[in-house]
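So you can see what is in the structure, the chains are spelled out below.
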Amino acid sequence: MVGATLFHRRKHSWPTEEFISRSTLQLLDFDSAAPPQHAWRRRLNCHANILKEFTITFREAIKMVRLGIRLWSYVREEASHGRKAPIDPFTKENCKPSASQGVPLGGMGSGSISRGFRGEFKQWQITPGTCDPSPMMSNQFSIFISRDGGHKKYASVLSPGQHGSLGKSRDKGLSSWGWNLNGQHSTYHALFPRAWTVYDGEPDPELKISCRQISPFIPNNYRDSSLPAAVFVYTLVNTGKERAKVSLLFTWANSMGGTSHMSGGHVNEPFVGEDGVSGVLLHHKTGKGNPPVTFAIAASETQNVNVTVLPCFGLSEDSSLTPKDMWDTMEKDGKFDQENFNNGPSTPSLAGDTICAAVSASAWVEAHGKCTVSFALSWSSPKVKFSKGSTYDRRYTKFYGTSPRAALDLVHDALTNYKRWEEDIEAWQNPILRDERLPEWYKFTLFNELYFLVAGGTVWIDSSSLNANGNGQHQQSGIGNSDGKAGGLDINDQRNDLGNGNSVGVKSNDEVSAIHNRNGLFVDTRHVEDGDDVGRFLYLEGVEYVMWCTYDVHFYASYALLMLFPKIELNIQRDFAKAVLSEDGRKVKFLAEGNVGIRKVRGAVPHDLGMHDPWNEMNAYNIHDTSKWKDLNPKFVLQVYRDFAATGDYQFGIDVWPAVRAAMEYMEQFDRDNDDLIENDGFPDQTYDTWTVHGVSAYCGCLWLAALQAAAAMALQIGDKFFAELCKNKFLNAKAALETKLWNGSYFNYDSGASSNSKSIQTDQLAGQWYAASSGLPPIFEESKIRSTMQKIFDFNVMKTKGGKMGAVNGMHPDGKVDDTCMQSREIWTGVTYAAAATMILSGMEEQGFTTAEGIFTAGWSEEGFGYWFQTPEGWTIDGHYRSLIYMRPLAIWGMQWALSLPKAILDAPQINMMDRVHLSPRSRRFSSNFKVVKHKAKCFGNSALSCSC
């Protein structure tokens, strides 16, 4: 792995002292108020430039005309039913994306709200599958300062005021507030799940302020990591000679983003809780039949901190209390009337009106003294309702109940437990942050890319609601049930072990009884101990590609879940294992060619778990018929074996083994010439869904080789020796065929066809080897070929792309020109670049690996880059134009960390000798299967910018 002296040659060094004066850092050096040594940093006065989206070429546009017409028609049809299409390139948000994102708020799966590095609250994702990027400018922290004698006063919103969305004409509106912060001496420091904003003498030159934002994202903590809450801890240091009265103000609109605050029927209610926690509940009446939401804003009252509230004020000039009235009160008194706590619930708001609430926390800070003031935000949306009607309870309701008023308990517990959260977060992060072998940019980017597990539309539900709903209220009869048979093969089928008479089925009926009795699409958790029942988890492919748990992309992202929340990862695999054995015969029109097929074919791994009714209606993706894709099934087998080997969970292996066999057997139909190697079918039948493949391909072929190894290794450990021998024989034959057809002496050709890009250098060509090495399996090729291939990718796809400053381009011709066959061949995919870097590290090429990944940091996260922090896209073009912001695949950076620190279970995993085999006749080499052969007329599909890269 990483050598002791590696990477000292070059670092992206962002010393804290370049952003904050040394004296201020010393003053803040207590109670975690000072930013960490390693963090992503920005000044608050940095310009947040508008991001540039990719455009397609004229040639690409011509090729995709028919698909575009079909997709446009489909989007309109879905809209007529009140639904979004999973892929909609025609509808654009009014709020253009900008380089202004920051660390999101809350735990996983309960809805999320992001907060930009300049302080704005935005990216509202409370309702599943929806994201409103617009900031609510009324949601702010502000400060009011006065000193003894009254000759020095300061009042300012703690966010720079240069926002185009601020009103300019209404004197009594938000523009009446003190937008006085310049931001020149204020800095933001991000290390997910925490962030620090330091005001170094702004707005008061004699007051140093640190705001620490904390969310409960804690690996292996399956309780607190589900909580929809965040804490903001303000540390105040008075460097003046007079004591100062400081009042901090937290204002919040009764809104879920967009125009939801104007729908009417919203109610605000003050509360006084236990342990000095008090604030306001904001009960939000949602539209379109969605479950209600209650927000809570609160502060902790202490011996030195006094908390008051203004339960309700409006944003219009007609309001009885306007924003100006509220601001004037704070400027004059530094607090609100204590009697406001007795007001009770407000009158429901009228349609067209916006109501807000405010919490003030005031304290005297002595000369040269310090003070801490803590605020918290929570939101309780206990029910998850999908657009076709299925409703479930969120994970956090297991601990807090299903009342929306749980927001009060959530905000209380956040304020009383955040120090323990921080201790756990630091215990997790410090070993990596203190590893001097690693470059600085990698340390904080590794953690910051995890933002997606909060802001990626995650949904985490409580298993008990599955039983209450009968495993989903609207399960369709077209979904097949698991009857214990994998593709027609009885899982208890006893075979002779190559004539020696030994029984080689799975161990026993008892061990697979859980499989026989599962009639719903969820895995039955009734036999699982309560501590092991962590619910069910969904996350989006991206906020622009609205499909849950897109599996070919999860292949790259899953390392993060496996390392941090392995029980969630195993449950996702169980869901897909169940889906493999299911069939949904409902008809679907596939938009690429206009043909009709069925939604889900038995034996095929689904592309995704659905959109409008996840788990019950899978394969929301309808550009291609993914039952004909060549990468999904091998990726399933590879992920399952990696997880099985890493966790040592034998019951998991027993549970999913029938699906593993079914997935392997299904693929045999794609071996057209009986050489045990699968072939592609002349259309984009894999994750690169605009990049056509002819014949044998390096990407799918290598995935197949690695899957054969993984299936053989797992079969031996499960006890299915006959199947292991089948896989071994197939591996050796397929390996020889692939090398004959694709190896050119320095790398593997893109495919075995005769097209202009058949000899292209594909960055992702050894994805199968990545997984083999990550899982403790033997290399699928000789070490010399692996290193030669990865060196070729480094020399061409990485270093010939802007000198290695942008990541690895997907395709490169051997003459050093970018492969522009289609939009995806010419793109740089962030997650694929991280995966290639991980493969290099596993191949002993650490320096090349980190140089490769550093290009993604430079282009996406650095100050001189394109501004994609906390919204890392699927990819960008050579000129830096993005496609699909806030995307799942960049979580593959955790594949690098996996490579750097392979777990002991992988290092000690049983070794399989793929060369030690029993020779079988061609007839006996075939998997026994009764799957229907999928027929496909080879046709080159035009490149489409409208399809997702799934």
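Basis of the calculations
- Once a new chain begins, its residue numbering starts again from 1 and follows that chain's sequence as written.
- Local features in this predicted model are restricted to residues whose pLDDT is 70 or higher, and side-chain atom pairs enter the listing and the counts only when it is 80 or higher, whereas totals over whole chains, interfaces and linings include all residues.
- With hydrogens and water excluded, all non-hydrogen atoms of the structure serve as input to the side-chain values.
- UniProt positions are given in the numbering used here, feature names are shortened, and annotations may be inferred rather than shown by experiment.
- When DSSP locates at least two bridges between a pair of strands, those strands are taken to pair.
- Runs of E in the DSSP output that reach at least two residues are strands. Runs of H or I that reach at least four are helices, and both are numbered from the N terminus.
- Axis definition: a line fit to C-alpha positions, over the contact stretch in the case of helices; interaxial angles, taken between N-to-C directions, run 0 to 180 degrees.
- We call two directions roughly parallel when the angle between them is under 35 degrees, roughly antiparallel when it is over 145, roughly perpendicular when it lies between 65 and 115, and oblique otherwise.
- The criterion used for residue contact is that any of the two residues' heavy atoms lie within 4.5 Å.
- Gly falls in the polar group here, along with every residue not listed as nonpolar (Ala, Val, Leu, Ile, Met, Phe, Trp, Tyr, Cys, Pro) or charged (Asp, Glu, Lys, Arg).
- Side-chain atoms within 4.5 Å link the members of a nonpolar core, which is a set of buried Ala, Val, Leu, Ile, Met, Phe, Trp, Tyr and Cys residues.
- For the exposure calls, accessible area comes from a 1.4 Å probe over protein chains only, and a residue counts as buried if that area is under 20% of its type's maximum, exposed if over 50%, partly exposed in between.
- Multiplying 1.5 Å by the residue count of a helix minus one yields the expected span of that helix.
- Throughout, the bend at a residue refers to the angle made by two axes, fitted to the seven residues ending there and to the seven starting there.
- Each patch groups residues whose relative accessible area exceeds 30% and which form no salt bridge, using 9 Å between like charges and 5 Å between nonpolar side chains of Val, Leu, Ile, Met, Phe, Trp and Tyr.
- All accessible-area figures derive from a Shrake-Rupley calculation using a 1.4 Å probe, and residue coverage is judged against the displayed protein chains alone.
- One side-chain nitrogen of Lys or Arg within 4 Å of one carboxyl oxygen of Asp or Glu is enough to make a salt bridge.
- For the purpose of counting charges, residues Lys and Arg are taken to be positive, whereas Asp and Glu are taken to be negative. His and the chain ends are not included.
- By convention, charge coordinates are those of NZ in Lys, CZ in Arg, CG in Asp, or CD in Glu.
- Note: crossing handedness is left-handed where the near helix turns anticlockwise from the far helix by less than a right angle, and right-handed where it turns clockwise.
- Centre distance within 6.5 Å is the pairing criterion for rings of Phe, Tyr and Trp, where only the six-membered ring of Trp is used; planes under 30 degrees apart are then read as stacked, over 60 as edge-to-face, and the remainder as tilted.

Named according to an unreviewed UniProt entry, the protein chain is Non-lysosomal glucosylceramidase originating from Arabidopsis arenosa. The annotation that UniProt attaches to the protein chain under Catalytic activity (unreviewed entry) is "a beta-D-glucosyl-(1<->1')-N-acylsphing-4-enine + H2O = an N-acylsphing-4-enine + D-glucose".

(A) The sheet that holds strand β30 (residues 875-876), seen in detail. The 3 strands lie next to each other as β29-β30-β31, forming an open sheet whose pairing is antiparallel. Edge positions in the sheet fall to β29 (828-829) and β31 (882-883), since each of these pairs with one other strand and no more. Here β30 pairs with β31 via 2 bridges, running antiparallel. Bridge pairing in β31 places G875 opposite R883.

(B) Representation of the packing of helix α15 (residues 698-718) against helix α17 (residues 767-774) in the model. For the pair α15 and α17, interaxial distance at closest approach is 7 Å and the crossing angle is 25°. Considering their axes alone, α15 and α17 lie roughly parallel with respect to each other. Here Y699, C702, L703, A706 and Q709 of α15 come into contact with α17, specifically with A767, G768 and A772. Here the residues of the contact of α15 with α17 sort into 6 nonpolar, 2 polar and no charged.

(C) Here's a closer look at the nonpolar core. Grouped together as the largest cluster of nonpolar side chains are 294 residues, with contacts concentrated most on F232, F375, L450, Y539 and F636. Broken down by element, the residue count for this core peaks at 17 residues, all from α15. Grouped together as the second largest cluster of nonpolar side chains are 8 residues, L28, A34, V198 and V237 included.

(D) Representation of helix α11 (residues 551-564). Taking 1.5 Å of rise per residue, 14 residues should cover 20 Å, and α11 covers 19 Å from first to last C-alpha, within 8% of that figure. At A557, α11 shows its largest kink, close to 55°. For α11, the tally of buried residues reaches 13 of 14 residues, placing the bulk of the element in the interior.

(E) The arrangement of a negative patch on the surface in detail. Among the surface-exposed residues, D171, E317, D318 and D353 lie close enough to one another that they form a single negatively charged patch. For D171, the location among the structural elements is in the loop between β5 (153-157) and β6 (186-191). Using a relative accessible area of 58% as the deciding quantity, one classes D171 as exposed.

(F) Layout of the pattern of salt bridges. A complete count under the given rule lists 47 salt bridges for this structure. A salt bridge links E725 to K728; the nearest nitrogen and oxygen atoms lie 3.8 Å apart. Taken together, the residues span about one helical turn, with E725 and K728 both in helix α16 (residues 721-742) at a distance of 3 residues. Considered together, E725 and K728 belong to a single accessibility category, that of buried residues. Because the salt bridges share partners, they merge into one network encompassing R147, K152, D204 and E206.

(G) Local environment of the packing of helix α7 (residues 440-448) against helix α21 (residues 893-900). Where α7 meets α21, the axes come as close as 9 Å, and the angle between the chain directions of the two elements is 120°. Of the possible angle classes, the one that applies to α7 and α21 is oblique. Here the hand of the crossing between α7 and α21 comes out left-handed. Here Y442, T445, L446 and F447 of α7 come into contact with α21, specifically with I893, W894, M896, Q897 and L900. Tallied by class, residues from the contact of α7 with α21 come to 7 nonpolar, 2 polar and no charged.

(H) How the structure looks around the packing of aromatic side chains. Within this structure, the stated rule accounts for 68 aromatic pairs. Here the aromatic rings of W428 and F447 are separated by 5.1 Å at their centres, their planes lie at 90°, and the arrangement is edge-to-face. With a gap of 19 residues between them, W428 in helix α6 (residues 406-433) and F447 in helix α7 connect regions that are remote in the sequence. No difference in accessibility class separates W428 from F447, as the two residues are buried. Taken together, the ring pairs in this structure connect W40, F117, Y188, Y451, F452, W460, F537, Y539, W861, W869 and F870 into an aromatic cluster.

(I) Region of interest: the pairing of strand β13 (residues 293-300). With 8 of 8 residues buried, β13 is to be regarded as a mostly interior element. The pairing of strand β12 (residues 277-284) with β13 spans 8 bridges and is classified as antiparallel. Among the inter-strand pairings, L281 is bridged to a residue of β13, identified as A296. With 6 bridges joining them, β13 and strand β16 (residues 370-380) adopt antiparallel strand pairing. Within β16, the residue paired with F295 across the bridge is W379.

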